[in-house]
Amino acid sequence: MKNKKLLIITNPRSGKGKIKNDLLKIIQIFSDADYDVTVYPTKRQGDATLKVQSLRNGKYDIIVVCGGDGTLNEVITGVMRKELECTLGYIPYGTLNEWSSGLKISRNPTIAASDIVTGSEIKLDVGKFGNKFFSYTASFGAFTEASYSAPQEVKNVLGQAAYFFEGIKSLSNIKPIHLKFVCDGREIEDDFLFGAVSNSMSVGGIVKFNDSVVKLNDGMFEVLLIKNPTTILQFQSIVDGILRKDLARDGIEFFHTSEITVLGGENLPWTLDGEFAEGKECITLTNIPSAIDLIVPHNTKIK
């Protein structure tokens with residue numbers, strides 16, 4: 001029987017560089033499972049996308065991403081642009097790794113590797129932002145810039161706290177953003193402090209959704225918009241609603257849609273899976289249903 005071929009794409013800088021110490025153990029797990037393993041360390045930002053786009057269909061049976069959400073985003077972008085037929089696996093090494101947490105993918109690299117060998121394939125939606133792609137969130141506004149402005153070295157040392165420190169530094173500069181959102185024949189126009197178009201159980205490590213409102217392969221986004229509060233009491237109510245997962249508060253818009261157009265966001269900085277993306281006067285975000293195949297642990301249940 002011919003061995004399956006597996007490509008590991010790894011970001012050596014993710015997770016405090018710890019991956020360098022774990023890589024041999026990860027390779028051994030896949031080799032013991034009769035995979036022919038090739039390792040590709042990324043050299044710079046965007047390199048993982050270029051590597052995947054250079055592959056031909058059938059070259060590898062599985063591509064395993066060892067890195068953070070940014071590296072995963074690059075690989076998914078390459079898969080989508082090339083229309084590559086390949087199953088993905090993920091061994092998370094980043095700071096937040098929100099997407100993997102919602103899928104019960106272990107932060108222990110050897111367990112995550114073993115789960116790829118023994119796990120099940122599921123299909124997941126992918127978001128498209130203009131001509132870019134995202135696996136779990138596109139967001140703007142308060143604290144968004146912290147995702148991509150915190151230096152990698154700071155993220156490695158401080159972990160999730162790095163995002164909060166960067167966010168706090170920018171609080172005094174946060175200004176309401178006047179935008180119009182159009183979807184499903186509905187228009188929402190107002191001043192907003194924050195917005196997220198997501199396919200995830202949480203956003204930014206702060207906003208967490210109830211399991212009942214999120215399904216990762218239903219072809220629908222979860223859209224959360226926080227309006228600029230007009231009073232201190234409204235601001236307190238919004239914060240309390242976010243913490244209690246009560247998204248029906250005044251000043252919070254929460255709904256599902258498969259496509260949404262944002263108007264008025266020229267030069268508005270967005271983050272796609274933690275990486276910077278520049279907005280436009282008019283940008284459309286589209287859900288591509290069941291776009292990728294991902295191996296997850298057997299105990300992961302997708303409703």
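In what follows, the structure referred to is the one given above.
Description of the structure in this document.

Here's the deal with the side chain of threonine 87
And then number 1: Tracing the backbone through its elements, the reader meets threonine 87 in strand β4 (residues 87-92).
And then number 2: We classify threonine 87 as buried; its relative accessible area is 10%.
And then number 3: Threonine 87 has contacts with Asp61, Ile62, Ile63, Glu121, Asp293 and Ile295, leaving out every residue within four places of it along the chain.

Looking at a nonpolar patch on the surface
And then number 1: Residues Phe235, Val239 and Leu243 make up a contiguous nonpolar surface patch of about 290 Å² in total accessible area.
And then number 2: By the secondary structure assignment, phenylalanine 235 is in helix α9 (residues 232-243).

A look at the nonpolar core
And then number 1: Within the largest apolar cluster, 60 residues are counted, with the highest numbers of intra-cluster contacts made by Phe30, Ile63 and Ile91.
And then number 2: Non-local contacts of isoleucine 91, meaning those with residues more than four positions away in its chain, are made with Ile26, Phe30, Val64, Val65, Cys66, Gly67, Pro109, Ala112, Ala113 and Ile116.
And then number 3: By size, the runner-up hydrophobic cluster in this structure holds 23 residues, among which are Phe129, Leu179, Ile188 and Val262.

A few points about the environment of lysine 2
And then number 1: Position of lysine 2 relative to the elements: it lies in the segment before β1 (4-10).
And then number 2: Exposure remark for lysine 2: the relative accessible area of 71% places this residue in the exposed category.

Topic: unusual backbone geometry
With the exception of glycine, the majority of residues adopt a negative phi angle, and the majority of peptide bonds are in the trans configuration.
And then number 1: The phi dihedral of aspartate 34 falls on the positive side, at around 70 degrees, and the residue is not glycine.
And then number 2: By the secondary structure assignment, aspartate 34 is in the loop between α1 (19-32) and β2 (35-41).
And then number 3: The phi torsion at glutamate 83 lies on the positive side, around 55 degrees, for a residue other than glycine.
And then number 4: Among the structural elements, glutamate 83 can be located in the loop between α3 (69-82) and β4.

Things to note about the packing of aromatic side chains
And then number 1: As enumerated under the stated definition, the model contains seven aromatic pairs in all.
And then number 2: Ring centres 5.2 Å apart and planes at 90 degrees place the aromatic pair phenylalanine 181 and phenylalanine 192 in the edge-to-face group. A residue pair is termed long-range when its members are at least 10 positions apart, and phenylalanine 181 in strand β8 (residues 177-183) and phenylalanine 192 in strand β9 (residues 186-198) qualify at 11 residues.
And then number 3: On the basis of relative accessible area, phenylalanine 192 is assigned to the buried category, the value being 0%.
And then number 4: Aromatic rings pair up to connect Phe129, Phe140, Phe181, Phe192 and Trp270 into one cluster.

What counts, and where the lines are drawn
Residues numbered from 1 in each chain as written. Predicted model: local features only at pLDDT ≥ 70, side-chain atom pairs only at ≥ 80, totals over all residues. Heavy atoms only, no water. Helix = DSSP H or I, 4+ residues; strand = E, 2+ residues; numbered from the N terminus. Buried < 20%, exposed > 50% of the residue type's maximum accessible area, 1.4 Å probe, protein only. Contact = heavy atoms within 4.5 Å. Patch = residues over 30% accessible without salt bridge, like charges linked within 9 Å, V, L, I, M, F, W, Y side chains within 5 Å. Areas by Shrake-Rupley, 256 points an atom, 1.4 Å probe, with all protein chains shown as cover. Salt bridge = Lys/Arg side-chain N within 4 Å of Asp/Glu carboxyl O. Core = buried A, V, L, I, M, F, W, Y, C linked by side-chain atoms within 4.5 Å. Phe/Tyr/Trp six-rings, centres within 6.5 Å; stacked < 30°, edge-to-face > 60°.

Note that all results are geometric; they support no functional claim without further evidence.
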